[in-house]
2 protein chains.
Amino acid sequence: MQKKDELLAGSLLFSGLPAEQRSEIAAICVSKRYPKGAAIFFEGEPGIGFYMVASGKVKIFKTSFDGKEQILHIFGPGEPFGEVPVFHGNPFPANAETLAESEVLFFPRAEFVGLITANPSLALNMLAVLAMRLRRFATQIENLTLKEVPGRLASYLHYLMEEQQRQDKVVLDIPKGQLASLLGTSSETLSRIFSKMTEEGLIRVEGKTIFIVDGERLKER
Amino acid sequence: MQKKDELLAGSLLFSGLPAEQRSEIAAICVSKRYPKGAAIFFEGEPGIGFYMVASGKVKIFKTSFDGKEQILHIFGPGEPFGEVPVFHGNPFPANAETLAESEVLFFPRAEFVGLITANPSLALNMLAVLAMRLRRFATQIENLTLKEVPGRLASYLHYLMEEQQRQDKVVLDIPKGQLASLLGTSSETLSRIFSKMTEEGLIRVEGKTIFIVDGERLKER
DNA sequence: TTTGGTTTTTGATCTAGGTCAAAGAAAGTC
DNA sequence: GACTTTCTTTGACCTAGATCAAAAACCAAA
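Here the structure is a predicted model, which means the values were calculated and not measured.

1. So, the interface of chain A and chain B
Chain A puts 40 residues into the contact, and the matching count from chain B is 39 residues. When chain A packs against chain B, the two sides together hide about 3600 Å² of surface, and 78% of this comes from carbon and sulfur. Area buried by chain A at its contact with chain B is led by Leu134(A), Arg135(A) and Leu146(A), which between them contribute 20% of it. At the surface where chain A touches chain B, the tally comes to 2 salt bridges. Among the ionic pairs, Lys62(B) bridges to Glu142(A), the shortest N-O distance being 3.0 Å. The greatest single-element share of the side of chain A that touches chain B, amounting to 21 residues, is contributed by helix H5 (residues 120-146) of chain A. Its residues placed into classes, the side of chain A that touches chain B shows 24 nonpolar, 10 polar and 6 charged.

See below:
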């Protein structure tokens, strides 16, 4: 399967590994398709392996008893998820669900631990992935607790500007309601802040496209 | 140094390693003392190694431009911190400061990476540590965004009950102001919630000692 | 045990943002 | 193209919790 190998080669987790090892890895993983909105796993389930997005988009989230949800991550192609139980035991700490029709690779725990044990650079790659994830969590907590909603939105827009390599505009890759849940607010509030920022001449909103009118002042929110 | 070796043996990170390897590790680390309230590192500094608390207590925190602080972790003896830059490169994502007079071990990056490469079970231990940290972050975000302050306090008290193995009372090991910063609130609000919970017959507060009057109802907050 | 510095508590006030309800827009379906 | 369903916006209202100010309690050192 050519496609799978390319995906693995392009992922941070498996980058820099000799080709033969990547095929060993490709050999132990199973691919599975999910329609949009499908659950991949639930918080509290035992984790017998981890996953990697091959195509599509997956969200990791927590829900409160009264149904509110907080998105922790959104992962795209090449990004692994659900690794925590593999290394720490215990069940999944959160839920995973597709945001679009997706193809997902599954890596069974035992086999993968075997590979890691035999292969220090794979171990270091995985450590790098988890370390980056910790860093992201730290800034997410910072955003959620030390900034108010406009500031969180501003820093998300700046993140998209980096990601999409544009200074003038940016395209939301998720529905606004999901963005609200990622920013820890409600879609109503988010909508109001979009219009306030437009009034203030910071941005201009056209559906999913956000034109950056004043990037400097936007950064200062 | 007998003491150092005992500490390493008791820590999660180095548990299960053969004694000789622990002495190798003990050989590469340097110990340093800090008075209470001393900075160990700042967000944005390059990380040339990581740390482990030998004695005392260390907080990891972020600050906002206007001086508010959010505590991410509080670490005690045997717990490593500041590992993110070791594996992911880039500077420290947050600040570290002692909460009490402390002794801290420092492990230089290059040497430690060498040990990990040569030693799969050390790598797996480190993966377990980071995975546990991710799990904690996930529940911290859940607490901060999906629960209100009384709920966060309740879950912290339950955490202390586990930790201290008591059903009837619990002793705060940090000042209430620091607890407020950990729970993402102000000391004023925290104080008010302590008294409200007392009125409601859930707890009784005597300085740093919290008597658990109704553990069941407390859990439901 | 007095003094000066932290913590902690209490009171009064203010606001960001949540919630509920309903109208409008978009988008996919037959 | 009409229809249903999902997404987004707008309006009205309300509350958790922040902030400011000041008193009280606690603590450590002299």
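2. Some points on the environment of Pro35(B)
Residues and elements named next belong to chain B. Relative to the helices and strands, Pro 35 resides in the loop between strand S1 (30-34) and strand S2 (39-41). The class for Pro 35 is exposed, based on a relative accessible area of 52%. Dropping the residues within four chain positions of it, Pro 35 is found in contact with Thr 98, Ala 100 and Glu 101.

3. Quick look at the environment of Arg109(A)
All names here are of chain A. Mapped onto the secondary structure, Arg 109 falls in helix H4 (residues 109-118). Sequence separation between Arg 109 and Val 213 is 104 residues; the distance between their C-alpha atoms is 48 Å. Once residues lying within four places of it in the same chain are set aside, the contact partners of Arg 109 are Ile 48, Gly 49, Pro 85, Val 86 and Gly 89.

4. Details of the protein's contact with DNA strand D
Residues in close proximity to DNA strand D total 17 residues, the closest being Gly177(A), Arg192(A), Glu148(B), Thr185(B) and Thr189(B). Backbone polar atom of Gly177(A) to a phosphate oxygen of DNA strand D: 2.9 Å apart, as the coordinates give it. Across the surface near DNA strand D, the residue classes tally to 3 nonpolar, 7 polar and 7 charged.

5. Some details on the packing of H4(A) against helix H5 (residues 120-146) of chain B
To describe two helices that pack against each other, one gives the angle between their axes and the distance between the axes. Between H4(A) and H5(B), the shortest axis-to-axis distance is 8 Å and the interhelical angle comes to 125°. Classified by the angle their axes make, H4(A) and H5(B) are oblique. Both H4(A) and H5(B) take part in a crossing whose hand is right-handed. Together, Val113(A), Ile116(A) and Thr117(A) of H4(A) and Pro120(B), Leu124(B) and Leu127(B) of H5(B) make up the contact between the two elements. Residue composition of the contact of H4(A) with H5(B), by class: 5 nonpolar, 1 polar and no charged.

6. Remarks on the domain arrangement of chain A
Many structure descriptions define interface size as the accessible area lost when the parts assemble. Residue and element names in this part refer to chain A. Domain boundaries in chain A define domain 1 (2-144) and domain 2 (147-219). Inter-centroid distance (C-alpha atoms) of domain 1 to domain 2 is 27 Å. Contacts between the two partners involve 11 residues from domain 1, matched on the other side by 10 residues from domain 2. When the area that domain 1 buries against domain 2 is broken down by residue, the three leading residues are Ile 71, Asn 143 and Leu 144, summing to 46%. Where domain 1 touches domain 2, the interface holds 1 salt bridge. Ionic pairing is found between Asp 173 and Lys 57, a salt bridge with its closest N-O pair at 3.9 Å. Residues of the side of domain 1 that touches domain 2, tallied by class, amount to 4 nonpolar, 3 polar and 4 charged.

7. Observations concerning the sheet that holds strand S9 (residues 169-171) of chain A
All names here are of chain A. Pairing is antiparallel in the open sheet, where 3 strands are placed in the order S9-S11-S10. What marks the edges here is a single partner per strand, and that holds for S9 and strand S10 (203-206). Direction aside, neighbouring strands of the sheet carry axes that sit 20° apart on average. Of the pairings in the sheet, the one linking S9 to strand S11 (residues 209-212) comprises 3 bridges and is antiparallel in character. Bridging from a neighbouring strand, Val 171 pairs with Thr 209 of S11. Packed onto the sheet, helix H8 (residues 187-199) meets S10 and S11 and runs at close to 130° relative to S10.

8. Side note on the pattern of salt bridges
Residues and elements named next belong to chain A. Tallied over the full model, the rule gives 22 salt bridges over all chains. Asp 168 serves as the salt-bridge partner of Arg 166, at 2.7 Å between the closest nitrogen and oxygen. Classification of Arg 166 as partly exposed rests on a relative accessible area of 35%. A relative accessible area of 38% means that Asp 168 is categorised as partly exposed. The partner of Arg 217 in a salt bridge is Asp 214, and the shortest N-O contact between them spans 3.1 Å. Judged by relative accessible area, Asp 214 falls into the partly exposed class, the value being 22%. Through salt bridges with shared partners, one network takes in Arg 33, Glu 101 and Glu 103.

9. A few points about the pairing of strand S3 (residues 49-55) of chain B
All names here are of chain B. Of all 7 residues in S3, 6 are buried, a share of seventy percent or more. As judged from the 2 bridges shared by S3 and strand S6 (residues 80-81), these two strands associate in the antiparallel manner. Its bridge partner lying in S6, Met 52 is registered against Pro 80.

10. As for the packing of aromatic side chains
Residues and elements named next belong to chain A. Counted by the stated rule, this structure contains 25 aromatic pairs over all chains. Between the aromatic rings of Tyr 51 and Phe 81, the centroid separation amounts to 5.3 Å while the plane-to-plane angle is 15°, which identifies the pairing as stacked. Within this pair, whereas Tyr 51 is found in strand S3 (residues 49-55), its partner Phe 81 is found in strand S6 (residues 80-81), the two being separated by 30 residues in sequence. Here the aromatic residues Phe 41, Tyr 51, Phe 75, Phe 81, Phe 92 and Phe 106 are joined through ring pairs into a cluster of three or more.

So, how was this worked out
- Every chain is numbered independently, its residues counted from 1 as its sequence is written.
- All chains are assigned letters beginning with A, and all ligands numbers beginning with 1, in the order in which they are written.
- In keeping with the predicted nature of the model, local features appear solely for residues at pLDDT of at least 70, side-chain atom pairs appear and are counted solely at 80 or more, and the whole-chain, interface and lining totals rest on all residues.
- Note that the side-chain values use all heavy atoms of the structure and ignore hydrogens as well as water.
- In this analysis, two residues are considered to be in contact whenever any of their non-hydrogen atoms come within 4.5 Å of each other.
- When two parts are brought into contact, each loses some accessible area as probed by a 1.4 Å sphere; the total of that loss over both is the buried area.
- One side-chain nitrogen of Lys or Arg within 4 Å of one carboxyl oxygen of Asp or Glu is enough to make a salt bridge.
- Runs of H or I in DSSP of at least four residues are treated as helices and runs of E of at least two as strands, each being numbered from the N terminus.
- Three categories are distinguished: nonpolar for Ala, Val, Leu, Ile, Met, Phe, Trp, Tyr, Cys and Pro, charged for Asp, Glu, Lys and Arg, and polar for the others, with Gly belonging to the last.
- Note on exposure labels: buried denotes an accessible area under 20% of the residue type's maximum, exposed denotes more than 50%, and partly exposed covers the range between, all computed with a 1.4 Å probe on protein chains only.
- Nearness is judged by heavy atoms alone; a residue qualifies as near a molecule or strand once a single heavy atom is within 4 Å of it.
- Whenever a nitrogen or oxygen atom comes within 3.5 Å of another N or O atom, the pair is scored as a polar contact, on the condition that within protein one atom can donate a hydrogen and the other can accept it, and that pairs from neighbouring residues in sequence are kept only if both atoms are in side chains.
- Only the stretch in contact is used when a helix axis is fitted, and all axes are lines through C-alpha atoms; the angle between N-to-C directions ranges over 0 to 180 degrees.
- Here is the rule for angles: anything less than 35 degrees is roughly parallel, anything more than 145 is roughly antiparallel, 65 through 115 is roughly perpendicular, and the remaining ranges are oblique.
- Two helices cross in a left-handed way if the nearer one is turned anticlockwise from the farther one by less than a right angle. They cross in a right-handed way if the turn is clockwise.
- As used throughout, domain bounds are those supplied by an automatic or database domain assignment.
- We call two strands paired when DSSP finds no fewer than two bridges between them.
- Within 6.5 Å between ring centres, the rings of Phe, Tyr and Trp (the latter by its six-membered ring) count as paired, and their orientation is classed by plane angle as stacked under 30 degrees, edge-to-face over 60, tilted in between.

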